[in-house]
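Each chain, written out:
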Amino acid sequence: MSHAPLGSVDGARGAVPPPQEFVARSRYADPGVYDEAEADWVGWWEHQAHALAWTRPWDEPLAWDPPFARWFVGGRLNASVSCLDRHVEAGHGGQVAYHWVGEPGDRRDLTYAELAKQVGRLANALRGLGVARGDRVAIYLPMVPELVVAMLACARIGAPHSVVYAGFGAQALADRLVDAEAKVLITADGAHRRGEVLPLKRVADVAMGAAESVRACLVVRRTNSDVRLMPGRDAWYDEVVGQASPTCEPEAMDAEDPLFLLYTSGTTGTPKGIVHRTGGYLTHVAATHRMVFDHDPDRDVFWCAVNFGWITGHSYGVYGPLANRATSVLAEGALDHPSPDRAWRIAELDGVTTLYTTPAIIRAFRAAGEDRPAAHDLSSLRLLGSVGEPIEPEVWRWYHEAVGGGRCPIVDTWWQAETGGMMLSPLPAITEAKPGSAMRPLPGIEASVVDDEGAAVERGQAGHLTVPRPWPGMLQTIWGDDERYRRTYWSRFGDEVYATGDRARVDDDGDLWLLGRDDEVLKVAGHRLSSAELEAAIVDHRAVAEAAVAGRADPLVGHAIVAFVRLRPGYDADPARVAQLREHVAARFGAIARPETIVVVDDLPKTRAGTIMRRLLEDLAEGRAPGDTSALDDPDLVAHLVEATAEATGRR
Ligand code: WT7
């Protein structure tokens, strides 16, 4: 390891001031931005919105009818024009939009001009398939350029896209197709993943069998896998798109029109289709991408190293960077395969200046060898980012020293699929960042940590993280369910205060430290999974009568899943059964959901009111002594549960 001295760290408070060289080259180094934004926050967001290409100005910047907000009312724009056409028209058609790196090592550079043409072709092809403004298109693709093309082609014709993470299984895909009533599905024959090929089209076939709304399916050739094309429904992507014209008139969208849906896990078994709109969302992600990453399109190479099937990829892999004319890296497959050095090779080869990824990936890099980055020339790096879960101070410091050579500020950005864009984060040339803290609300954003009654907590105290006023990237609603939107986010503290579902502590300086979720949502490798959805996937197996899951804190993936299962009479709890159950969940829901441990129990711990005592399951999963169990209906169960858990986890 390059034992760079931690001399830049202020020992007393552990805060790391922005390095002078960074500040000198920064475009956003004026701390006055916070006061300026706060003095007229709506006007400040209007100012940010002017950075996009509008075909009609808005009449009103914000109409707030709690809990429904409308930003830039009356304005018209098309997201694909702000992301592509205007850059090409300004003479930047030859600039690389994406350096694409395939998992097997193939590479392709896509310029803005090429991207615009491909988007035009697919947009025309989709119109040819009968996709009209407002229709939903599902995208189930690996990290190939066509994923970005597909998103922007949908934006071009005003058809909200619903990207489904390619690691999800058939049931998860089917649930999302059905809920969105998707008309078209864009997928691939297969996906490369750690040297293996995931049979995407075969999974899609099963899912489409359960989703009547899908009337056409375009299949990108990626792995030369053997697939069956159903006549009248399926076609090869390249054949359809190859015949289409590259020029496609963009749909003039209202700022208020949905840009996309993205499904995320909630506290019930049904995933929520988070709806993001065009004007406000694009304003928020473009402004935060510019400021938080101190982005200069003529200097930087930006790498959002996460799978674009999640919100981070939408906002900071596609829409934010493209709106800012960024040159980005787009990498397919796992970052540590085939070699644990893959990420550093890419960063070196493409001259990456800004790396944005998750603590789970950073921990995996570190676990692969503390000093691995030192074997590469990473001098192009100037800024590092983290997102998705709290980053431990020692992981932060490793990232700072071993990857960033002690000279790159780190932005720990807190936000959610629902917020659309970043909400809390240091500004790299301004904030003295404390390792492990997401610090403060960004300019134009307000946040407050409150107690159970909704009153702001004192410094030094913890509580619920809330957002007490609208922001441009905020979700419009949950697809098809305004009531669930209201109940989930705007009822806990009244209909004017957004409840994030996270807990946070305010330190003595007023800086915020995220403490994790308030509800039954697990974070597995940065991905959000709800206990209810996982439980539904387990109970779906014929041998299972009842199931409840708990998370065990894991140093690598955040939460490891421990499932407590009661089998139906006549089924044995042998190792083969347990293995079968784990695979069942992986096939049904996706490999990320495969439980680490399955504990077969005689019964689940229930209170006299009949609800599962989740606190007890968490204690068991963590290997802690059970806390107060006096409310249990059957107190004798505890000894059996402890025993069964110890046996299943090999902890005796
Ligand atoms: C949840 C949202 C944000 C895009 C990726 C995840 C947790 C997110 C941080 C952070 C601590 C974080 C929260 C949040 N989270 N960023 N910097 N520090 N926790 O989006 O799937 O919607 O998950 O991720 O618990 O509520 P998501």
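Residues numbered from 1 in each chain as written. Predicted model: local features only at pLDDT ≥ 70, side-chain atom pairs only at ≥ 80, totals over all residues. Heavy atoms only, no water.

**Observations regarding the site of the ligand**
(1) Moving on: Near the ligand, the surroundings consist of 17 residues, among which D412, T413, A417, D502 and R528 are the closest.
(2) Moving on: G388 has a polar backbone atom sitting 3.1 Å from a nitrogen atom of the ligand.
(3) Moving on: In the environment of the ligand, an oxygen atom lies 2.9 Å from a nitrogen or oxygen atom belonging to the side chain of K523.
(4) Moving on: Burial of the ligand by the protein amounts to 95% of the accessible area it has alone, namely 550 Å².
(5) Moving on: Looking at side-chain class alone, the shell around the ligand contains seven nonpolar, four polar and six charged residues. (Near = heavy atom within 4 Å. Polar contact = N/O pair within 3.5 Å; in protein donor to acceptor, adjacent residues only side chain to side chain. Areas by Shrake-Rupley, 256 points an atom, 1.4 Å probe, with all protein chains shown as cover. Nonpolar A, V, L, I, M, F, W, Y, C, P; charged D, E, K, R; others polar.)

**Focus on the pattern of salt bridges**
(1) Moving on: Within the structure shown, the criterion is met by 50 salt bridges.
(2) Moving on: Linking R566 and E546 is a salt bridge whose minimum nitrogen-to-oxygen distance equals 3.2 Å. Of this pair, R566 sits in strand β30 (residues 558-567) while E546 is found in strand β29 (residues 544-554), placing the two residues 20 residues apart along the sequence.
(3) Moving on: What you see here is one network of salt bridges that share partners, running through K434, R440, D507, D509 and D511. (Salt bridge = Lys/Arg side-chain N within 4 Å of Asp/Glu carboxyl O. Helix = DSSP H or I, 4+ residues; strand = E, 2+ residues; numbered from the N terminus.)

**Re the domain arrangement of the protein chain**
Much of the literature gives interface size as the accessible area that the parts lose upon coming together.
(1) Moving on: One can read the domain layout of the protein chain as domain 1 (127-267) and domain 2 (520-649).
(2) Moving on: For the domain 1 and domain 2 pair, buried surface summed over both sides reaches about 980 Å², with 48% attributable to carbon and sulfur atoms.
(3) Moving on: Seen at the junction of domain 1 and domain 2, the total is one salt bridge.
(4) Moving on: At the boundary of domain 1 and domain 2, one finds four residue pairs in polar contact (both at pLDDT 80 or more).
(5) Moving on: Of all the elements, helix α7 (residues 170-180) adds the most residues to the side of domain 1 that touches domain 2, at four residues. (Domains from an automatic or database assignment. Buried area = accessible area lost by both parts, 1.4 Å probe.)

**Describing the sheet that holds strand β4 (residues 76-77)**
(1) Moving on: With respect to topology, three strands assemble into an open sheet ordered β1-β4-β14, the strand pairing being antiparallel. The sheet is open, and its two borders are formed by β1 (54-56) and β14 (253-254), each paired with just one other strand.
(2) Moving on: Where β1 and β4 come together, two bridges link them in antiparallel fashion. Paired with R56 across the strands is R76, a residue of β4. (Pairing = 2+ DSSP bridges.)

**A short note on the pairing of strand β31 (residues 597-600)**
(1) Moving on: The sheet contact formed by β30 and β31 spans four bridges and is parallel. Paired with V562 across the strands is T597, a residue of β31.
(2) Moving on: In terms of handedness, the path from β30 via helix α17 (residues 575-589) over to β31 forms a crossover that is right-handed. (Right-handed = clockwise from strand over helix to strand, strands pointing away.)

**Regarding the sheet that holds strand β17 (residues 301-304)**
(1) Moving on: The mixed open sheet is built from seven strands, whose spatial order is β6-β5-β18-β17-β19-β20-β21. If you trace the sheet from one side to the other, it starts and ends with β6 (107-111) and β21 (410-413), each paired once. Pairs of neighbouring strands in the sheet enclose a mean axial angle of 20°, with direction left out of account.
(2) Moving on: Note that β17 and strand β18 (residues 327-331) share three bridges and pair parallel. In the sheet register, W303 faces β18, and the bridge partner there is V329.
(3) Moving on: Strands in contact with helix α11 (residues 311-323) are β5 (96-101), β17, β18, β19 (354-357) and β20 (383-387); relative to β17, the strand with the most contacts, it is inclined by about 160°. (Axes fitted to C-alpha atoms, helices over the stretch in contact; angles between N-to-C directions. Contact = heavy atoms within 4.5 Å.)

**Here's the deal with the environment of A235**
(1) Moving on: Along the chain, A235 turns up in strand β13 (residues 234-236).
(2) Moving on: The class of A235 is partly exposed, set by a relative accessible area of 23%.
(3) Moving on: Discounting residues that sit within four places of it in the chain, A235 has contacts with C217, L218, V219, L229 and V240. (Buried < 20%, exposed > 50% of the residue type's maximum accessible area, 1.4 Å probe, protein only.)

**Considering the packing of aromatic side chains**
(1) Moving on: Evaluated as defined, the whole model comprises 26 aromatic pairs.
(2) Moving on: Note on F168 and W310: the rings are 5.8 Å apart at their centroids and 55° apart in plane angle, and the pair reads as tilted. Remark: W310 occurs in the loop between β17 and α11 and F168 occurs in the loop between β8 (161-163) and α7; sequence separation between them is 142 residues. Taken individually, F168 and W310 each receive the classification buried, so the pair is uniform in this respect. (Phe/Tyr/Trp six-rings, centres within 6.5 Å; stacked < 30°, edge-to-face > 60°.)

**Observations concerning the packing of helix α16 (residues 531-539) against α17**
(1) Moving on: In contact at an axis separation of 9 Å, α16 and α17 are set at 115° when each is read in the N-to-C sense. Seen along the crossing, α16 lies across α17 with a hand that is right-handed. The segment α16 lies against α17, with E533, A536, A537 and I538 engaging H584, V585, R588 and F589.
(2) Moving on: Taken together, the residues of the contact of α16 with α17 break down into five nonpolar, one polar and two charged. (Left-handed = near helix turned anticlockwise from the far one by under 90°.)

**Regarding the confidence of the model for the protein chain**
(1) Moving on: Averaged over the protein chain, the pLDDT score is 94; the fraction of residues at 70 or greater is 97%.
(2) Moving on: In the model, residues 1-12 has pLDDT below 50 throughout and makes 19 contacts with residues more than four positions away in sequence or in other chains. (pLDDT = per-residue confidence, 0-100.)

**Details of the packing of helix α4 (residues 79-92) against helix α6 (residues 145-157)**
(1) Moving on: Contact geometry of α4 with α6 gives a least axis separation of 8 Å together with a crossing angle of 120°. Of the two possible hands of crossing, α4 and α6 adopt the one that is left-handed. The residues of α6 that touch α4, namely those facing A79, S80, V81, C83, L84 and D85, are L152, A155 and R156.
(2) Moving on: Among the residues forming the contact of α4 with α6, the class breakdown is six nonpolar, one polar and two charged.

**Some remarks on the pairing of β21**
(1) Moving on: Residues of β21 alternate between two faces, with I410 and D412 on one and V411 and T413 on the opposite face, all of them buried.
(2) Moving on: Sheet analysis places β20 next to β21, joined by four bridges and oriented parallel. Bridging across to β21, G385 finds its partner in V411.
(3) Moving on: The handedness of the β20 to β21 crossover, carried by helix α14 (residues 393-403), is right-handed.

**What to know about unusual backbone geometry**
(1) Moving on: Note that the residue after P66, namely P67, is joined by a cis bond; omega there is 0°.
(2) Moving on: P338 follows H337 through a cis peptide bond whose omega is 5°.
(3) Moving on: With phi around 50°, E181 is a residue other than glycine that occupies positive phi space.
(4) Moving on: Considering the arrangement of structural elements, one finds E181 in the loop between α7 and β9 (184-188).
(5) Moving on: With a phi angle near 50°, R194 is a residue other than glycine that sits in the positive phi range.
(6) Moving on: By the secondary structure assignment, R194 is in the loop between β10 (191-193) and β11 (196-198).
(7) Moving on: A residue is classified by how much of its surface remains accessible, and R194, at 41% relative accessible area, is partly exposed.

**Thoughts on the state of the cysteines**
(1) Moving on: Across all of its chains, the model carries zero disulfides by this definition.
(2) Moving on: With no disulfide of its own, C304 lies 14 Å from the sulfur of C83, the closest cysteine sulfur.
(3) Moving on: We note that C408 lacks a disulfide partner, and the nearest cysteine sulfur, in C304, lies 17 Å from it.
(4) Moving on: For C408, a relative accessible area of 0% translates into the label buried. (Disulfide = S-S within 2.5 Å.)

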